Amino acid sequence: MSFGNITYLKKRTAYCVLLLILLMSLTACGKPQSAKSLYRTAKATHGKCTIVSKTETSDKTEVVLHDKLQDFDYTVTSGMSDIVIDGSSFGSLPSSTDGFTVALMKKVISNVQSDLDAACSDPSLRYGTPEFYSKDLILIVYCKDQSKGKTAAVECARALQTQNLKNRMDGFLIYLVEEAGDNWTDGEHYGSVKLPDTSFRTPEDEKIDYYTGIAHMQTDPKAKYLRKRTGTFSETGLDINLVVNNLGSDYPTKPSSPVTFYYFEDSKGREYYICDFQYYPENREFEWFTNYAGD
């Protein structure tokens with residue numbers, strides 16, 4: 001292990017200790033949010049709603065709300081979650097859940113079910129919802145014929161987009177996967193459609209969109225994607241020991257390791273790139289490697 005990594009681990013340990021102290025101090029005065037607070041937050045976040053029912057106890061608050069815009073109920077809760085580190089309990093902290101997104105997904109799918117049925121009427125196609133809802137995955141189209149699948153995914157997206165009132169479904173995804181088993185992760189991922197756009201994205205398009213999002217978050221929110229190229233890690237001039245070892249993903253392990261450079265133009269017309277790996281910069285948490293200099 002390099003001295004750079006040892007220094008980082010020491011800083012990381014100190015950070016964890018400080019975080020633990022902070023969590024313990026918050027525990028002393030923590031309690032669930034009130035029903036009024038949950039209602040106000042939901043209204044500000046999702047739009048006008050009315051209270052259907054509410055339950056408040058010393059350790060949990062639950063409020064059922066009715067969304068006025070699209071006529072469905074959803075539940076928001078606030079409670080206390082235990083803090084457990086290495087098997088030891090350090091009290092509890094307030095936590096909350098918000099069932100709006102899942103309830104909205106179920107509502108709009110039911111509204112356009114006949115259109116979805118028609119789009120996937122071919123025997124080689126079917127559609128379904130994920131066993132667990134992520135933040136934005138609303139529908140999965142399974143196909144034995146990739147060409148027919150792309151057409152069906154776009155038609156499903158167009159049907160769902162009609163329900164995207166006040167852009168509340170922006171970012172929702174319709175995945176296209178190979179019909180290869182009971183689980184949607186069993187087959188090959190062919191691409192997706194991302195609302196409000198209803199055009200099909202290949203896996204390569206998805207990668208470009210992903211790194212464009214990173215550019216907006218880490219560098220310039222108005223950055224424009226230009227192009228990409230494949231090079232080697234040695235071109236970055238970075239110490240290989242500073243690379244974050246993300247399990248389950250490809251990351252550079254030697255100077256000759258392939259690296260993809262995604263090029264962008266910032267709001268002042270300056271060109272820069274972001275690479276497809278993360279590293280530990282000096283005195284900061286890890287981030288995606290970039291030569292962006294900023295202002």
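### A closer look at unusual backbone geometry
Put simply, Leu195 and Pro196 share a cis peptide bond, and its omega is 10 degrees. With respect to the helices and strands, Pro196 occurs in the loop between strand 8 (189-194) and strand 9 (200-201). Non-glycine residue Asp71 carries a positive phi angle of around 60 degrees. Note that Asp71 resides in the loop between strand 2 (60-67) and strand 3 (72-85). Given the relative accessible area of 47%, Asp71 is considered partly exposed. The backbone of Asn167 sits at a positive phi, close to 60 degrees, despite the residue not being glycine. Its place among the elements puts Asn167 in the loop between helix 5 (146-161) and strand 7 (173-178).

### Description of the layout of surface pockets
In this structure, the largest pocket spans a volume of roughly 390 Å³. Considering the residues around the largest pocket, the lining is formed by 20 residues, among which Tyr211, Asp250, Tyr251, Asp276 and Phe277 are closest to the centre. Within the residue set of the lining of the largest pocket, elements represented by two or more residues are helix 6 (203-218), strand 10 (224-232), strand 11 (258-265) and strand 12 (271-279). Taken together, the residues of the lining of the largest pocket break down into 9 nonpolar, 6 polar and 5 charged.

### Here's the deal with the sheet that holds strand 10
Consider a sheet: its strands pair through backbone hydrogen bonds, and that pairing is either parallel or antiparallel. The 4 strands are arranged 10-11-12-13 in an open sheet whose pairing can be described as antiparallel. Each end of this open sheet is capped by a strand with a single partner; those strands are strand 10 and strand 13 (287-290). Strand after strand, the sheet turns through a mean of 35 degrees between neighbouring axes, direction not considered. Inspection of the sheet shows strand 11 paired to strand 12 by 5 bridges, in the antiparallel sense. Paired with Phe261 across the strands is Cys275, a residue of strand 12. The sheet contacts of helix 6 involve strand 10, strand 11, strand 12 and strand 13, and relative to strand 11 the element is tilted by about 60 degrees.

### A short note on a positive patch on the surface
There is a patch of like positive charges on the surface, built from Lys43, Lys48, Lys68 and Lys166. Tracing the backbone shows Lys166 in the loop between helix 5 and strand 7. With relative accessibility at 69%, the residue Lys166 sits in the exposed group.

### Some words on the packing of aromatic side chains
A full pass over the atoms with the stated rule returns 16 aromatic pairs. Relative to Trp288, the ring of Tyr211 has its centre 5.5 Å away and its plane inclined at 85 degrees; by these criteria the two rings are edge-to-face. Here Tyr211 is found in helix 6, whereas its partner Trp288 is found in strand 13, with 77 residues between them in sequence. The exposure classification of Tyr211 matches that of Trp288, with both residues buried. When the ring of Tyr263 is compared with that of Tyr273, the centres are 5.7 Å apart and the planes differ by 70 degrees; the resulting orientation is edge-to-face. Taken as a pair, Tyr263 in strand 11 and Tyr273 in strand 12 lie far apart in primary sequence, 10 residues in all.

Thresholds, definitions, all that
Along each chain, residue indices are assigned from 1 in the same order as the chain's sequence is written. Where local features are concerned, this predicted model is filtered to residues with pLDDT of at least 70; where side-chain atom pairs are given and counted, the filter is 80 or more; whole-chain, interface and lining totals use all residues. With hydrogens and water stripped out, all remaining heavy atoms of the structure feed into the side-chain values. We count a stretch as a helix when DSSP gives it H or I for four or more residues in a row; a strand needs E for two or more, and each element gets its number in order from the N terminus. Accessibility here uses a 1.4 Å probe with only protein chains present; expressed as a share of the type maximum, an area under 20% marks a residue as buried, one over 50% as exposed, and anything in between as partly exposed. Buriedness of a pocket was judged along seven lines, with at least five required to meet protein on both sides within 12 Å; pockets are open sets of points on a 1 Å grid over the protein atoms alone, cavities are sets where a 1.4 Å probe fits but cannot get out, and lining residues have an atom within 4 Å of a point. Grid points are joined across faces, edges and corners, and a volume is the space filled by probe spheres set on the points. When residue character is reported, Ala, Val, Leu, Ile, Met, Phe, Trp, Tyr, Cys and Pro are called nonpolar, Asp, Glu, Lys and Arg charged, and the others, Gly included, polar. The pairing criterion is simple: DSSP has to find at least two bridges between the two strands. Each axis is a line fitted through C-alpha atoms, and for a helix only the stretch in contact is used; angles between axes span 0 to 180 degrees, taken between their N-to-C directions. Residue contacts follow a heavy-atom distance rule, with two residues in contact if any of their heavy atoms lie within 4.5 Å. Residues enter patches when they are more than 30% accessible in relative terms and free of salt bridges; like-charged ones are connected within 9 Å and nonpolar ones (Val, Leu, Ile, Met, Phe, Trp, Tyr) within 5 Å. For every accessible area listed, the method is Shrake-Rupley and the probe measures 1.4 Å; residues are considered covered only by the protein chains on display. The rule for a salt bridge is simple: a side-chain nitrogen of Lys or Arg has to be within 4 Å of a carboxyl oxygen of Asp or Glu. Note on charges: Lys and Arg go in the positive column, Asp and Glu in the negative column, and His and the chain ends are not counted at all. Charge coordinates come from a single atom per side chain, which is NZ of Lys, CZ of Arg, CG of Asp or CD of Glu. Any two rings among Phe, Tyr and Trp, with Trp reduced to its six-membered ring, count as a pair given centres within 6.5 Å; such a pair is stacked if its planes are under 30 degrees apart, edge-to-face if over 60, and tilted if neither.

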